[in-house]
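The lines below spell out each chain.
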Amino acid sequence: MKIIAVCGMGIGTSVLLKMNAEKVLGMLGIQATVQAADIAKAKVEGPTADIILTTPELVYQLEKMPGKVIAIDHVFDLVEIREKLTAALS
Amino acid sequence: MSGLLNQALAEGSIQLHAQASNWKQSLELAGAALEQSHRTTGEYTKAMVAAFEELGPYMVIAPGIALAHARPSDAVLSTGLSLVTLSDPVPFGNVSNDPVSLVIGLAAVDHDSHIDLMAALSELLMDVTKVNMLLQAENVEQVRTLLG
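The following refers to the structure shown. (Residues numbered from 1 in each chain as written. Chains lettered and ligands numbered in written order. Predicted model: local features only at pLDDT ≥ 70, side-chain atom pairs only at ≥ 80, totals over all residues. Heavy atoms only, no water.)

1. Notes on the sheet that holds strand E2 (residues 33–38) of chain A
All names here are of chain A.
- With respect to topology, 4 strands assemble into an open sheet ordered E2-E1-E3-E4, the strand pairing being parallel. The open sheet has two edge strands with one neighbour each: E2 and strand E4 (68–71). Each strand axis lies, on average, 25° off the axis of its neighbour in the sheet, ignoring direction.
- The strands touched by helix H3 (residues 78–89) within the sheet are strand E1 (2–7), strand E3 (51–54) and E4, with E4 carrying the most contacts at an inclination of about 160°. (Pairing = 2+ DSSP bridges. Helix = DSSP H or I, 4+ residues; strand = E, 2+ residues; numbered from the N terminus. Axes fitted to C-alpha atoms, helices over the stretch in contact; angles between N-to-C directions. Contact = heavy atoms within 4.5 Å.)

2. Quick word on the pairing of E3 of chain A
Residue and element names in this part refer to chain A.
- Where burial is concerned, the two faces of E3 agree: the one with Ile51 and Leu53 and the one with Ile52 and Thr54 are both buried.
- As paired strands, E1 and E3 are joined by 3 bridges and run parallel to one another. Residue pairing for E3: Ala5 is matched across the bridge by Leu53.
- As paired elements, E3 and E4 share 4 bridges and run parallel to each other. Counted as the bridge partner of Ile52 is Val69 from E4. (Buried < 20%, exposed > 50% of the residue type's maximum accessible area, 1.4 Å probe, protein only.)

This is the structure we're talking about:
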């Protein structure tokens, strides 16, 4: 499975989202690669991603992607990330 | 003998109980602290404000916490952080996480070399008790002790 974590610049929020998504995926025992990306890179990588993690403000820029777009409100909240990832995968 | 976070916060990068009346002033404080600690030029601060205007308040990554940053560019002299606590919380327009009391400024020279630093930052910001102690810190020494 391919997951991308997207933020505006690709150095802050997306990196935090990637790290915390990897923790959650590890707990769930799910094999996936998670890449951090800025919006420009997301437009290149997005079409082949199964899941796109981002923040609520950026969802509208990613809606046309084939994968599921998940908005995370609180990037340190592993429970929120786990619940939303589990829902998207079921 | 100091950890990654203390190394990333160069002298002049920590400002406590600052006053700001809106998101722009808050970002400018974090930017000024990056400039004072020789991580960035003034152009980076302008880029952070422009990024916020372009992309909205997504930089408010958790309740009360904003991660102020712009893209890697020539305005970044070296990778590092700044830390600003606000005496009065400031609304940034983020529905779930307003108002902001802690602004972390982030400057990175590229997309990859600050990953260990982000892991350390993530660990800190996930710890609500430590964040509350940071917000209450009276001086830079207390902050540095807390960061380890």
